[in-house]
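# Inside the fold
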Amino acid sequence: MDKNITRYNVQLYIYDLSRGMARSLSPIMLGKQLDGIWHTAIVAYGDEFFFGGEGISSCPPGGTMLGPPDTVVELGETEVSEEIFMEYLSSLGESTYRGDRYRLFEHNCNTFTNEVAQFMTGNSIPSYITDLPSEVLSTPFGQILRPILDSIHIAPPGGNVINGGRNA
């Protein structure tokens with residue numbers, strides 16, 4: 001193994017958008033326990049990267065209005081350089097992860113972080129995060145709320161849009 005290869009740390013920042021409310025209200029509303037409503041971001045190269053209704057954005061770690069993350073997961077290390085990573089994000093932002101492609105249940109921040117985590121480290125994000133939409137939609141109340149929730153585009157203020165905003 002070449003010892004001259006630079007490795008970069010990759011982290012997953014996890015935020016509970018409900019600020020703890022999901023834990024107490026989900027049994028009443030959904031008939032099952034949810035520990036949170038998760039927003040995730042990838043942190044690498046000294047910045048936080050996330051996907052929302054404005055496309056792919058970046059900010060200093062913890063720099064959105066969400067503040068510091070509730071949990072940080074070490075995803076591993078990558079040999080992908082920052083330059084290649086930014087080219088990769090630019091490509092995603094022009095196609096798969098344009099802002100107008102955001103869908104709360106099917107194509108969201110967690111879909112983005114899972115794909116980026118696999119590209120960077122070969123590891124997926126925790127399944128309790130990626131399984132959340134199906135958990136909600138498997139309930140009668142989730143089905144009732146779906147049309148309303150489908151219209152929601154989450155884009156935490158404080159990020160700088162890399163590219164791929166809402167206009168195609």
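- In the annotation of an unreviewed UniProt entry, the entry for the protein chain reads palmitoyl-protein hydrolase, and the organism field reads Eleginops maclovinus.
- Under the UniProt heading Catalytic activity (unreviewed entry), the note attached to the protein chain is "S-hexadecanoyl-L-cysteinyl-[protein] + H2O = L-cysteinyl-[protein] + hexadecanoate + H(+)".

### A look at the overall build of the protein chain
- Helix and strand content of the protein chain: 6 helices and 6 strands.
- Mapped from its N terminus to its C terminus, the protein chain presents α and β elements in the order β-α-β-β-β-β-α-α-α-α-α-β.
- Residues classed as buried in the protein chain amount to 43% of the 168 residues present.
- Excluding contacts between residues fewer than 6 apart, the proportion of contacts in the protein chain whose partners are at least 24 apart in sequence is 75%.
- Counting only carbon and sulfur atoms, one obtains 54% of the accessible surface of the protein chain, whose full area is about 8,400 Å².

### Observations concerning unusual backbone geometry
- One non-glycine residue, Arg19, adopts positive backbone phi at about 50°.
- Its identity is not glycine, yet Tyr45 carries a phi of approximately 55°, on the positive side.
- Within the secondary structure layout, Tyr45 lies in the loop between β2 (38-44) and β3 (47-52).
- Judged by its relative accessible area of 16%, Tyr45 is buried.

Cut-off values and rules
Sequence order sets the numbering: in each chain, residues are counted from 1 along the sequence as written. With the structure being a predicted model, the display of local features is reserved for residues of pLDDT at least 70 and the display and counting of side-chain atom pairs for 80 or more, all residues being used for whole-chain, interface and lining totals. By convention in this description, side-chain values take in all heavy atoms of the structure and omit both hydrogens and water. UniProt positions are given in the numbering used here, feature names are shortened, and annotations may be inferred rather than shown by experiment. The helix and strand labels rest on DSSP assignments: H or I over at least four residues marks a helix, E over at least two residues marks a strand, and numbering proceeds from the N terminus. Each residue is assigned to one of three classes by its accessible area relative to the maximum for its type, calculated with a 1.4 Å probe on protein chains only: buried under 20%, partly exposed between the two thresholds, exposed over 50%. Contacts are assigned to residue pairs with any non-hydrogen atoms lying within 4.5 Å of each other. Only the protein chains shown count as cover for residues, and the accessible areas themselves come from Shrake-Rupley with a 1.4 Å probe.

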